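# What the coordinates show
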Amino acid sequence: MIRRLVSFVLLLALAAALFVAAFPQVLGLEQRYYVAQVIAFRGILVVVAVVVAVVFLFAGLALRAARSLLAAAAVLLLVFAAVTGGVLVERGTGSTKFDAKAGGDVRVLAWNTLGGAPGAATIAKLAVNSKADIVSLPETTRKTANAVAAKMKAAKRPVSVLVLAYDKTDSAKSTALLISTKLGTYRVVADDEGGTTPVLPTVVARPADGSGPVIVAAHPAAPVKALMTDWRAGLRYLAKLCSGESMIMAGDFNSTLDHQSGLGSKPSTTLGSCRDAAKASANGAVGTWPTTVPALLAAPIDHVMATSDWSVSGFRVITTQDGSGSDHRPVLAQLTPASTD
């Protein structure tokens, strides 16, 4: 009797833990510290669940007394793996197709460069080869951004350079935004005009003549234990920032679609009025950090987002730079003005 009771309690605890890992939003736990760390890696959770289930099944063959308990636990783990895998498939496990358009496309590249580790030449080459019109570079200093811009100008893709730094000696606290001159002149919004994210800077740029989208290079704090309050505040700020006017946001959001749950103004949006380009293009489960983990097992925390006046006509997580020095993979999105017909 006692053995059955213990088995029931253990299975109930396992089922509860798996439910939280699969559907943290149901209980509002997606931004709690330990849960946030676990759910960032859904792909790894699937693999671990399947491996542990197989171990339990084999262990049950040798341990007759615990066979029922181990078999039931294995079933729970396999159900969890199937459900979580289904979530990943629904979000998209990869599509690199870019539609050819007649005109009006804007290509957006976002890459946390880890202090410019890949070097200005590598960053500029990727931006030029990607035909990027907007380049969001979290953890990039003005010196590196200027060097990238110079190389892009030499390649006949001139850009303006906008930088916001909280600390001139700490590259992690500097965010750069490069905007093609063909998009017009942009200025950085001052703190007293709209603020920015705490701990790490987010660059908010508005067109000088009021024509064109607001462009944002986003970089909220990471969800480490000491910064959880700042992390949540940063995500709320970005959601509030995208409040309806035409906007393109790109960068290291330090959060997955799970963490951002409930921050959209509508069920179809991700942060405020902005939609996630990766999810819209069947790439929502392709991970960007760290580069030492295969893309389908990594955390998809780097994003490009835009308001509904932009449609996503292409997206890819770039894996060819995994050995270039940064621990983040770049992401590239092609946005097309949405039809108003």
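In what follows, the structure referred to is the one given above.
Notes on the structure in this doc start here.

### Some remarks on the state of the cysteines
Per the counting criterion, the structure on display carries 1 disulfide. Here Cys242 engages in a disulfide with Cys274; their sulfurs sit 2.1 Å apart. Taking the torsion about the sulfur-sulfur bond, which here is approximately 90°, the covalent link between Cys242 and Cys274 counts as right-handed. With Cys242 in the loop between α8 (228–241) and β8 (247–252) and Cys274 in the loop between β8 and β9 (275–276), this residue pair connects regions lying 32 residues apart in the sequence. For the pair shown, Cys242 and Cys274 are each scored as buried.

### Things to note about a nonpolar patch on the surface
Taken together, the side chains of Phe19, Phe23, Val26, Leu27, Val75, Val79 and Val83 define a hydrophobic patch exposed on the protein surface, amounting to about 590 Å² of accessible area. Top contributing element to the nonpolar patch by residue count: helix α4 (residues 67–91), with 3 residues. Tracing the backbone through its elements, the reader meets Val79 in helix α4. The exposure class assigned to Val79 is partly exposed, which follows from its relative accessible area of 48%.

### Regarding empty space enclosed by the protein
What the rule picks out here adds up to 2 cavities of 30 Å³ or more. For the largest cavity, the calculated volume is near 80 Å³. Around the largest cavity sit 14 residues that line it, and Ala40, Arg42, Leu88, Ala285 and Pro300 are the ones nearest its centre. Counted by class, the lining of the largest cavity contains 8 nonpolar, 3 polar and 3 charged residues. If you go around the second largest cavity, the residues you meet are Ala278, Asn283, Val286, Thr288, Pro300, Asp302, His303, Phe315, Val317 and Val331. For the lining of the second largest cavity, the elements supplying multiple residues, two or more each, are β10 (302–306) and β11 (310–317). Within the lining of the second largest cavity, the residues separate by chemical class into 6 nonpolar, 3 polar and 1 charged.

### Details of the packing of helix α3 (residues 42–62) against α4
Contact pair α3 / α4: the axes reach a minimum separation of 8 Å and the direction vectors enclose 160°. As judged from the angle between their axes, α3 and α4 are roughly antiparallel. Judged by the sense of rotation from one axis to the other, the crossing of α3 with α4 is left-handed. Considering only residue class, the contact of α3 with α4 consists of 20 nonpolar, 4 polar and 3 charged.

### Focus: the pairing of strand β7 (residues 214–218)
In terms of burial, β7 is largely enclosed, as 5 of its 5 residues are buried. Burial along β7 is two-sided: Val214, Val216 and Ala218 facing one way and Ile215 and Ala217 facing the other are all buried. Summarising the sheet, strand β6 (residues 203–207) and β7 pair through 3 bridges and their orientation is antiparallel. When the sheet's bridge partners are listed, Val203 is paired in β7 with Ala217. Sheet topology note: the β7/β8 ladder contains 5 bridges and is parallel. By the bridge assignment for β8, Ala217 is matched with Ala250.

### Here's the deal with the side chain of Thr113
Within the element layout of this structure, Thr113 appears in the loop between β1 (106–110) and α5 (120–129). Taking the relative accessible area as the measure of exposure, Thr113 reaches 0% and is therefore buried. Reaching out from Thr113, the side chain makes a polar contact with the side chain of Thr140 at a distance of 2.7 Å. Sequence-distant contacts of Thr113, that is, excluding residues within four places in its chain, are made with Pro118, Ile123, Leu137, Pro138, Glu139, Thr140 and Ser326.

### Let's talk about the sheet that holds strand β2 (residues 134–138)
Reading across from one edge, β3-β4-β2-β1-β12-β11 is the order of the 6 strands in this open sheet, with mixed pairing throughout. Each edge of the open sheet is held by one strand with a lone partner, namely β3 (159–165) and β11. Shown here is a sheet whose adjacent strand axes are inclined to one another by a mean of 15°, direction ignored. Here helix α6 (residues 142–154) sits on the sheet in contact with β2, β3 and β4 (174–180), set at roughly 170° to β3.

### Comments concerning the packing of helix α1 (residues 2–22) against α4
Running from N to C, α1 and α4 cross one another at 10°; their axes reach a closest spacing of 10 Å. Judged on the interaxial angle alone, α4 and α1 are roughly parallel. Here Ser7, Leu10, Leu11, Leu14, Ala15, Leu18, Ala21 and Ala22 of α1 come into contact with α4, specifically with Leu69, Ala72, Ala73, Leu76, Leu77, Phe80 and Thr84. Within the contact of α1 with α4, the residues separate by chemical class into 13 nonpolar, 2 polar and no charged.

Thresholds, definitions, all that
- Residues numbered from 1 in each chain as written.
- Predicted model: local features only at pLDDT ≥ 70, side-chain atom pairs only at ≥ 80, totals over all residues.
- Heavy atoms only, no water.
- Disulfide = S-S within 2.5 Å.
- Helix = DSSP H or I, 4+ residues; strand = E, 2+ residues; numbered from the N terminus.
- Buried < 20%, exposed > 50% of the residue type's maximum accessible area, 1.4 Å probe, protein only.
- Patch = residues over 30% accessible without salt bridge, like charges linked within 9 Å, V, L, I, M, F, W, Y side chains within 5 Å.
- Areas by Shrake-Rupley, 256 points an atom, 1.4 Å probe, with all protein chains shown as cover.
- Salt bridge = Lys/Arg side-chain N within 4 Å of Asp/Glu carboxyl O.
- 1 Å grid on protein atoms, 1.4 Å probe; cavity = no way out; pocket = protein on both sides within 12 Å on 5 of 7 lines; lining within 4 Å.
- Points joined across faces, edges and corners; volume = space filled by probe spheres on them.
- Nonpolar A, V, L, I, M, F, W, Y, C, P; charged D, E, K, R; others polar.
- Axes fitted to C-alpha atoms, helices over the stretch in contact; angles between N-to-C directions.
- Parallel < 35°, antiparallel > 145°, perpendicular 65-115°, else oblique.
- Left-handed = near helix turned anticlockwise from the far one by under 90°.
- Pairing = 2+ DSSP bridges.
- Polar contact = N/O pair within 3.5 Å; in protein donor to acceptor, adjacent residues only side chain to side chain.
- Contact = heavy atoms within 4.5 Å.

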